[in-house]
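Examining the three-dimensional arrangement
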Amino acid sequence: MKFGILVNEGPYNHQASDSAYQFTKAALEMGHEIFRVFFYYDGVNNATSLGQPPSDDRNVTRNWQKLAEDHKVDLVVCVAAGLRRGITEGNLAPGFRISGLGQLIEAGIQADRVVAFGD
Amino acid sequence: MDEMESGIVKKFMFVNRKAPHGTVYALEVLEMVLISAAFDQDVHLAFIDDGIYQIKKGQAPAEIGCKNFSPTYRALEGYDIEKLYVEAEGLAERGLTEDDLLVPVEVVSRAEMGRLMAEMDVVLTA
Amino acid sequence: MSMLHTVNKSPFERNNLDSCLGHAQPGDAILLIEDAVYAAMAGTAMAGKIADAAKTFRVHVLGPDLKARGGDPAKVVAGVTVVDYTGFVDLAARNKAVNAWL
């Protein structure tokens, strides 16, 4: 089954991104396909390359990057929401890409299920 | 493949249940809805709980320094987004009537709204 | 075909769960995650409401979120099923759509 994932909140402030990551990881381990993970609202902040969480905490951005590396998961950051919040090509963490909101609608059309995580 | 012409038409519902201005959700849902119009999908908008306040008449956020995006709801018709539903119970709870809303909507009961949601292929709530 | 509804807010703070219960259709699946897991714990003022809901809906709680908050999977409200992330994925796959009550 093909899943589209929507992440609406940034890392650390809210559990949404962690929940989305755990769901995505489990789905991949079960052999499902992740059509795309779309980061919207403050969720775009997951894609910053500038975060430096303390070493005894998880690194949310790094977790997502690892999924992109190991499973070629398409991590898409909304361009408009990103620009509003200062997420640009200049500080985008490797593994993420910036694109339009249409990518979310496309995920809704192409994926079998869309699962949203937010506040 | 042209993503705008997938040939698939799904029933999308954007469920608004948060008030405007206090958080950004209402504004950015609206941006999502406008984009969805380009994909020729069967788009529905639901206003329940505090989401009903998004389409209340008379919003004037100038003094809080925020953008007044409420007129955009009236522009949705021009994008062929005409399926707007408001929950009767939510209106009544807030002391509002259909006359207080800035766009034409279909007022439905909570039970009807639930049945409508059940028909959807994709539901995005914020 | 039934839907999966996820709820992530404590019912003591927000009305997400009530709103979900007011719209879900009989037979739908409900999964309590994040701060909504408090609703599944036995002995709270919400327990009756959840036990009633479990007669109409298939109510689940996410075990990892429950354990994170000091909940005992053996002490959830009667009729509530504890699932892990694999169970969450299964629920999403087995129902026709997922509505996250954010």
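Read on for a plain summary of the structure. In this text, all values refer to a predicted model and were calculated from it rather than measured experimentally.

1. Here's the deal with the overall build of chain A
Helices and strands together make up the secondary structure of chain A, namely four helices and five strands. Mapped from its N terminus to its C terminus, chain A presents α and β elements in the order β-α-β-α-β-α-β-α-β. In terms of overall dimensions, chain A has a C-alpha envelope of 35 × 30 × 25 Å along the principal axes. Taken across its 119 residues, chain A has 61% of its residues classed as buried. Summarising the internal contacts of chain A: among those between residues at least 6 apart in sequence, 77% fall at separations of at least 24. Here chain A displays about 4,600 Å² of accessible surface, and carbon together with sulfur accounts for 45% of that area. Counting 11 positive and 14 negative side-chain charges, chain A places the averaged centre of each group 4 Å from the other.

2. Digging into the packing of aromatic side chains
Residues and elements named next belong to chain A. Under the criterion given, the structure shown has 13 aromatic pairs over all chains. Here the aromatic rings of F3 and F23 are separated by 5.4 Å at their centres, their planes lie at 90 degrees, and the arrangement is edge-to-face. You can see F3 sitting in strand β1 (residues 2-7) and its partner F23 sitting in helix α1 (residues 16-29), a full 20 residues away along the chain. Judged by its relative accessible area of 0%, F3 is buried. On the basis of relative accessible area, F23 is assigned to the buried category, the value being 0%. Ring geometry for F38 and Y40: centres 6.2 Å apart, planes at 45 degrees, overall tilted.

3. A look at the interface of chain A and chain C
With 21 residues of chain A at the interface, the matching set in chain C holds 21 residues. The junction of chain A with chain C conceals about 1,500 Å² of combined surface from both sides, 61% of it contributed by carbon and sulfur atoms. Notably, a salt bridge pairs A:D119 with C:R14, separated by 3.3 Å at the nearest N-O pair. Applying the counting criterion to the chain A and chain C interface returns nine residue pairs in polar contact (both at pLDDT 80 or more). Counting only elements with at least two residues in the side of chain A that touches chain C, the list comes to α1 and β5 (113-117) of chain A. Looking at the side of chain A that touches chain C element by element, the count peaks at six residues for α1(A). Looking at the side of chain A that touches chain C, its residues break down into 11 nonpolar, seven polar and three charged.

4. Side note on the interface of chain A and chain B
Put simply, an interface is often sized by how much accessible area is lost when its parts join up. Every contact between the two is made by 19 residues of chain A and, on the other side, 22 residues of chain B. The largest contributions to the chain A side of the interface with chain B come from A:Y41, A:I105 and A:I109, which together make up 35% of the buried area. Linking chain A with chain B are three salt bridges. Between B:E28 and A:R85 there is a salt bridge, with its nearest N and O atoms 2.7 Å apart. Put simply, chain A and chain B have nine residue pairs in polar contact (both at pLDDT 80 or more) between them. Mapped by element, the contributors of at least two residues to the side of chain A that touches chain B are α3 (79-85) and α4 (102-110) of chain A.

5. Structural notes on the sheet that holds strand β1 (residues 11-16) of chain B
Residue and element names in this part refer to chain B. With respect to topology, five strands assemble into an open sheet ordered β4-β3-β2-β1-β5, the strand pairing being parallel. Two strands bound the open sheet, and with one partner strand each, they are β4 (106-108) and β5 (122-125). The sheet shows a mean angle of 25 degrees between the axes of neighbouring strands, direction not considered. Sheet strands touched by helix α1 (residues 25-36): β1, β2 (42-47) and β5. Its angle to β1, the strand with the most contacts, is close to 165 degrees. Contacting β1, β2, β3 (83-87), β4 and β5, helix α4 (residues 110-118) runs over the sheet at an angle of about 140 degrees to β3.

6. With respect to the packing of α4(A) against α1(B)
Interhelical geometry of α4(A) versus α1(B) gives an angle of 65 degrees and a closest axis separation of 9 Å. As the angle between them shows, α4(A) and α1(B) are arranged roughly perpendicular. Helix-helix and strand crossings are classified by hand; for α4(A) and α1(B) the assignment is right-handed. Contacts between α4(A) and α1(B) involve A:G102, A:L104 and A:I105 from the former and B:M32, B:I35 and B:S36 from the latter.

7. Let's talk about the sheet that holds strand β5 (residues 98-100) of chain C
All names here are of chain C. Ordered by their spatial adjacency, five strands build an open sheet running β4-β3-β2-β1-β5, and the pairing between neighbours is parallel. The sheet terminates laterally at β4 (81-83) and β5, the two strands that pair on one side only. Taking each pair of neighbouring strands and ignoring which way they run, the sheet shows an average axis angle of 25 degrees. Helix-sheet contacts for helix α4 (residues 85-94) involve β1 (4-7), β2 (29-32), β3 (58-62), β4 and β5, and the interaxial angle to β1 is about 135 degrees.

8. Thoughts on the pattern of salt bridges
Within this structure, the stated rule accounts for 27 salt bridges over all chains. The salt bridge involving B:E93 is made with B:R94; its shortest N-O contact spans 3.2 Å. Take B:E93: its relative accessible area is 54%, and that puts it in the exposed class. Look at B:R94 and you get buried, because its relative accessible area is 18%. Linking C:R69 and C:D65 is a salt bridge whose minimum nitrogen-to-oxygen distance equals 3.4 Å. A residue is classified by how much of its surface remains accessible, and C:R69, at 21% relative accessible area, is partly exposed. Members of the salt-bridge network, linked through shared partners, are A:D42, A:R84, A:R85, B:E28 and B:E31.

Quick notes on the rules
- Residues numbered from 1 in each chain as written.
- Chains lettered and ligands numbered in written order.
- Predicted model: local features only at pLDDT ≥ 70, side-chain atom pairs only at ≥ 80, totals over all residues.
- Heavy atoms only, no water.
- Helix = DSSP H or I, 4+ residues; strand = E, 2+ residues; numbered from the N terminus.
- Buried < 20%, exposed > 50% of the residue type's maximum accessible area, 1.4 Å probe, protein only.
- Contact = heavy atoms within 4.5 Å.
- Areas by Shrake-Rupley, 256 points an atom, 1.4 Å probe, with all protein chains shown as cover.
- Lys, Arg positive; Asp, Glu negative; His and termini not counted.
- Charge placed at Lys NZ, Arg CZ, Asp CG, Glu CD.
- Phe/Tyr/Trp six-rings, centres within 6.5 Å; stacked < 30°, edge-to-face > 60°.
- Buried area = accessible area lost by both parts, 1.4 Å probe.
- Salt bridge = Lys/Arg side-chain N within 4 Å of Asp/Glu carboxyl O.
- Polar contact = N/O pair within 3.5 Å; in protein donor to acceptor, adjacent residues only side chain to side chain.
- Nonpolar A, V, L, I, M, F, W, Y, C, P; charged D, E, K, R; others polar.
- Pairing = 2+ DSSP bridges.
- Axes fitted to C-alpha atoms, helices over the stretch in contact; angles between N-to-C directions.
- Parallel < 35°, antiparallel > 145°, perpendicular 65-115°, else oblique.
- Left-handed = near helix turned anticlockwise from the far one by under 90°.

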